[in-house]
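# Close look at the chain arrangement
Next come the chains, spelled out residue by residue.
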Amino acid sequence: MTIAATTSSRTLIHPAAKDIRLEGVLHALADPMRMRVVRDLAKEEGAELSCSYFDLPVTKSTSTHHFRVLRESGVIRQIYRGTAKLSVLRRDTLDSLFPGLLDSVLAAAARDADRHGAGG
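Residues numbered from 1 in each chain as written. Predicted model: local features only at pLDDT ≥ 70, side-chain atom pairs only at ≥ 80, totals over all residues. Heavy atoms only, no water.

### What about the side chain of Gln78?
Just so we agree on the cut-off: In this text, helices come from DSSP runs of H or I with a minimum length of four residues, and strands from runs of E with a minimum of two, each type numbered from the N-terminal end. Relative accessibility decides the category of a residue: with a 1.4 Å probe and only protein chains considered, values under 20% of the type maximum give buried, values over 50% give exposed, and everything between is partly exposed. Polar contacts, as counted here, are pairs of nitrogen or oxygen atoms within 3.5 Å of one another; within protein the pair requires one atom able to donate a hydrogen and one able to accept it, and residues that are adjacent in sequence qualify only if both atoms are side-chain atoms.
Mapped onto the fold, Gln78 is located in strand β4 (residues 76-81). Assessed through its relative accessible area of 1%, Gln78 is described here as buried. A polar side-chain atom of Gln78 sits 3.0 Å from a polar atom in the side chain of Ser87.

### Quick look at the environment of Ser96
Its place among the elements puts Ser96 in helix α4 (residues 91-97). With relative accessibility at 56%, the residue Ser96 sits in the exposed group. When the C-alpha atoms of Ser96 and Ala17 are compared, they prove to be 9.2 Å apart, with 79 residues separating the residues in sequence. Of the polar contacts made by the side chain of Ser96, one reaches the backbone oxygen of Thr93; its length is 3.0 Å.

### Observations concerning the nonpolar core
Quick note on the threshold: Residues grouped as a nonpolar core are buried Ala, Val, Leu, Ile, Met, Phe, Trp, Tyr and Cys residues, joined through side-chain atoms within 4.5 Å. The contact definition used throughout considers only heavy atoms, calling two residues in contact when any of these lie within 4.5 Å.
Counting residues in hydrophobic clusters, the biggest one holds 24 residues, and the most contacted among them are Val38 and Val75. Elements supplying a minimum of two residues to this core: α1 (22-29), α2 (32-43), α3 (60-73) and α5 (101-115). Among the elements that line this core, the one with the most residues is α2, at 6 residues. Setting aside chain neighbours within four positions, we find Val38 in contact with Leu29, Leu70, Val75, Leu89, Leu102 and Leu106.

### Some words on the UniProt feature "domain: HTH arsR-type" (unreviewed entry) in the protein
Stated formally: UniProt positions are given in the numbering used here, feature names are shortened, and annotations may be inferred rather than shown by experiment.
UniProt records the feature "domain: HTH arsR-type" (unreviewed entry) for residues 14-109 in the present numbering. From the first C-alpha to the last, residues 14-109 spans 25 Å; its make-up is 52% helix and 17% strand.

### Here's the deal with the pattern of salt bridges
Short version of the rule: Between Lys or Arg on one side and Asp or Glu on the other, a salt bridge is scored when a side-chain nitrogen of the former is within 4 Å of a carboxyl oxygen of the latter.
Tallied over the full model, the rule gives 8 salt bridges. With a closest N to O distance of 2.3 Å, Glu48 and Arg81 form a salt bridge. Of the two residues, Glu48 sits in the loop between α2 and β3 (49-50) while Arg81 sits in strand β4, which places them 33 residues apart along the sequence. Overall, Arg81 belongs to the partly exposed group, its relative accessible area being 43%. The shortest N-O distance in the salt bridge between Asp95 and Arg91 comes to 3.6 Å. Taken as a pair, Asp95 and Arg91 lie in helix α4 at a separation of 4 residues, close to a single helical turn. Since its relative accessible area comes to 14%, Arg91 is described here as buried.

Given below as structure tokens:
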């Protein structure tokens, strides 16, 4: 079952917690651009950030694709507020389904970024 988030005329589909699969989450986190988004969302714990907040070195359509993969895998939740599409990390859901996974992946990503000089 999926859950629809609606705050305007546009509806975004999100997987219910019971439908989130580990392989989907790992796939979403495997891409460097998506990991960058997740790291930024984790730094702003609980904040709803607009897509324009993220300075991704990709085209708008590619950025949209990355956000869709994160949303459809259950890693983020997105809602519309006016014309802005806001994203928030589904930390509570992920932590209850896969305890320690997100913290481990974020810590490893930070170490990897430091090691490769991409601090962020």
